[in-house]
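Take a look at the letters that make up each chain.
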Amino acid sequence: MKDTHVTDVADGKSRSLTLKRFFQGAAAAKALAPILCAVYFLTTMVGVSAQELASKDELYTGKEFSNAFANPQDDPDLPNVLLIGDSISIGYTVDVRKRLSGKADVFRIPSNGKYAAFGSENLDKWLGQRKWDVIHFNWGLWDICYRNPKSKTQGHRDKINGTLTAGPDQYRESLQQIVARLKQTDATLIWCATTPVPEFEAGRKVGDEIKYNLIAESIMKKNGIRINDLHAHALRGLPEIQKQKGDVHFTSQGYAYLAEKVAFEIASALSAESSERE
């Protein structure tokens, strides 16, 4: 009996000790609960903040958002936009895609569009079989460029002794041919005015782009084609957006600035097209 009593007492003490530890653990857990919740809340908030701080560039994962000539996969639910033009259009292509991401698939021709006669010769190939909703196009800077095979300047530019690429009459004729072909696509057409020629440009004369823009404007108005006055838009940003003195090209920020206007005009055309269908 004595041994049994001793065992009972020992078991009782053991059970008491276990219960005591249980309640102590529960109390500790209860005390820690608010702290654990706070830690969870803070870590969650830090994660959200980090996501919000991520660069917008990280949201554009396709090659088309870093390479002008890497055209997007054709999304059948989105309208198709085609950009045609020279190196200026190449410069703003990626930024236009970013601005119209989720609203349109923005394609561009697979090369520099050069001068208007070159465009007329290659237009069928560039248009292909795809159904285009909007076509944004330009020619001009190459047309008004004087070139001399003896010139050491990049592109053999030489406005003193060089030969003009396309005179006004040739430019007009080529544009008329281009417009006639583009109208066959039934796409909404947007003519993009040629951007400014700065002083000290080696192969182009200041003001010639204005003369050629007037020729183009006359053709576009006769054909009821929208006009994107990128010339005026660029002037408002100069000289800050200019790549360097005497250069018709722009800085990366300058191309983003041009893309803002181009994307706006395209979005407006798409919106008007959508309204007409309704």
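Residues numbered from 1 in each chain as written. Predicted model: local features only at pLDDT ≥ 70, side-chain atom pairs only at ≥ 80, totals over all residues. Heavy atoms only, no water.

*Asks:* Would you mind going over the side chain of Asn228 in detail, with residue names and values included?
*Replies:* Inspection of the secondary structure puts Asn228 in strand 7 (residues 226–228). Judged by relative accessible area, Asn228 falls into the buried class, the value being 0%. Engagement of the side chain of Asn228 in a polar contact is seen with the side chain of Lys261, the distance being 2.8 Å. Residue contacts for Asn228: discarding those within four places in its chain leaves His136, Ile190, Trp191, Cys192, Ala193, Lys261, Val262 and Glu265. (Helix = DSSP H or I, 4+ residues; strand = E, 2+ residues; numbered from the N terminus. Buried < 20%, exposed > 50% of the residue type's maximum accessible area, 1.4 Å probe, protein only. Polar contact = N/O pair within 3.5 Å; in protein donor to acceptor, adjacent residues only side chain to side chain. Contact = heavy atoms within 4.5 Å.)

*Asks:* Lay out the side chain of Thr185 in plain terms, naming residues and giving numbers.
*Replies:* Mapped onto the elements, Thr185 comes out in the loop between helix 4 (168–183) and strand 6 (188–192). Looking at Thr185, its side chain comes within polar contact range of the main-chain oxygen of Leu182, at 2.6 Å.

*Asks:* So, the confidence of the model for the chain: which residues are in play, and what are the values?
*Replies:* For the chain, the mean per-residue pLDDT works out to 86, and 78% of the residues sit at or above 70. A low-confidence stretch, residues 4–10 stays under pLDDT 50, and its non-local contacts, those more than four residues away or across chains, total 0 contacts. Predicted confidence for residues 39–48 stays below pLDDT 50, and this span has 0 contacts to residues more than four positions away or in other chains. (pLDDT = per-residue confidence, 0-100.)

*Asks:* Pulling in residues and values, what's your account of the nonpolar core?
*Replies:* Residues Tyr92, Phe137, Trp139 and Ile266 are the most contacted members of the largest nonpolar core, which totals 55 residues. With 8 residues, the single largest contributor to this core is helix 7 (residues 252–277). Discounting residues that sit within four places of it in the chain, Phe137 has contacts with Ile84, Ile178, Val179, Leu182, Leu189, Ile190, Trp191, Cys192, Met220 and Ile225. (Core = buried A, V, L, I, M, F, W, Y, C linked by side-chain atoms within 4.5 Å.)

*Asks:* Outline the pairing of strand 2 (residues 105–108), supporting the account with residue identities and numerical values.
*Replies:* By the alternation rule, side chains of strand 2 split into Asp105 and Phe107 and Val106 and Arg108, which are all buried. As defined by bridge partners, strand 1 (residues 80–84) adjoins strand 2 across 4 bridges and the pair is classed as parallel. Note on strand 2: the bridge partner recorded for Leu82 is Phe107. Since strand 1 and strand 2 lie parallel, the crossover through helix 2 (residues 87–99) that links them has a hand, and here it is right-handed. (Pairing = 2+ DSSP bridges. Right-handed = clockwise from strand over helix to strand, strands pointing away.)

*Asks:* Run through the packing of helix 2 against helix 7, naming residues and quoting values.
*Replies:* Direction vectors running N to C along helix 2 and helix 7 enclose 65 degrees, while the axes themselves pass 7 Å from each other. When the interaxial angle is binned, helix 2 and helix 7 end up roughly perpendicular. Our pair here, helix 2 against helix 7, has a crossing hand that is right-handed. For the pair formed by helix 2 and helix 7, the contact residues are Ser87, Ile88, Gly91, Tyr92, Asp95, Val96 and Arg99 on the first element and Ser252, Tyr255, Ala256, Leu258, Ala259, Glu260, Val262, Ala263 and Ile266 on the second. By residue class, the composition of the contact of helix 2 with helix 7 is 10 nonpolar, 3 polar and 3 charged. (Axes fitted to C-alpha atoms, helices over the stretch in contact; angles between N-to-C directions. Parallel < 35°, antiparallel > 145°, perpendicular 65-115°, else oblique. Left-handed = near helix turned anticlockwise from the far one by under 90°. Nonpolar A, V, L, I, M, F, W, Y, C, P; charged D, E, K, R; others polar.)

*Asks:* Can you tell me about the environment of Leu78, naming the residues and giving the values?
*Replies:* As for its placement among the helices and strands, Leu78 is situated in the loop between helix 1 (2–53) and strand 1. Each C-alpha atom, one on Leu78 and one on Lys103, is 6.4 Å from the other, the two residues being 25 residues apart in sequence.

*Asks:* Pulling in residues and values, what's your account of the environment of Gly224?
*Replies:* Tracing the sequence through the fold places Gly224 in the loop between helix 5 (208–222) and strand 7. Its relative accessible area of 66% is what places Gly224 among the exposed residues. Sequence spacing of Gly224 and Ile190 is 34 residues, and the spatial spacing of their C-alpha atoms is 9.9 Å.

*Asks:* Just give me the short version of the sheet that holds strand 1, but keep the residues and values in it.
*Replies:* Strand order in the open sheet formed by 5 strands is 2-1-3-6-7, with parallel pairing between adjacent strands. Edge positions in the open sheet fall to strand 2 and strand 7, since each of these has one partner strand only. The sheet shows a mean angle of 25 degrees between the axes of neighbouring strands, direction not considered. Along the sheet, helix 5 makes contact with strand 3 (134–137), strand 6 and strand 7, crossing strand 7 at roughly 150 degrees.

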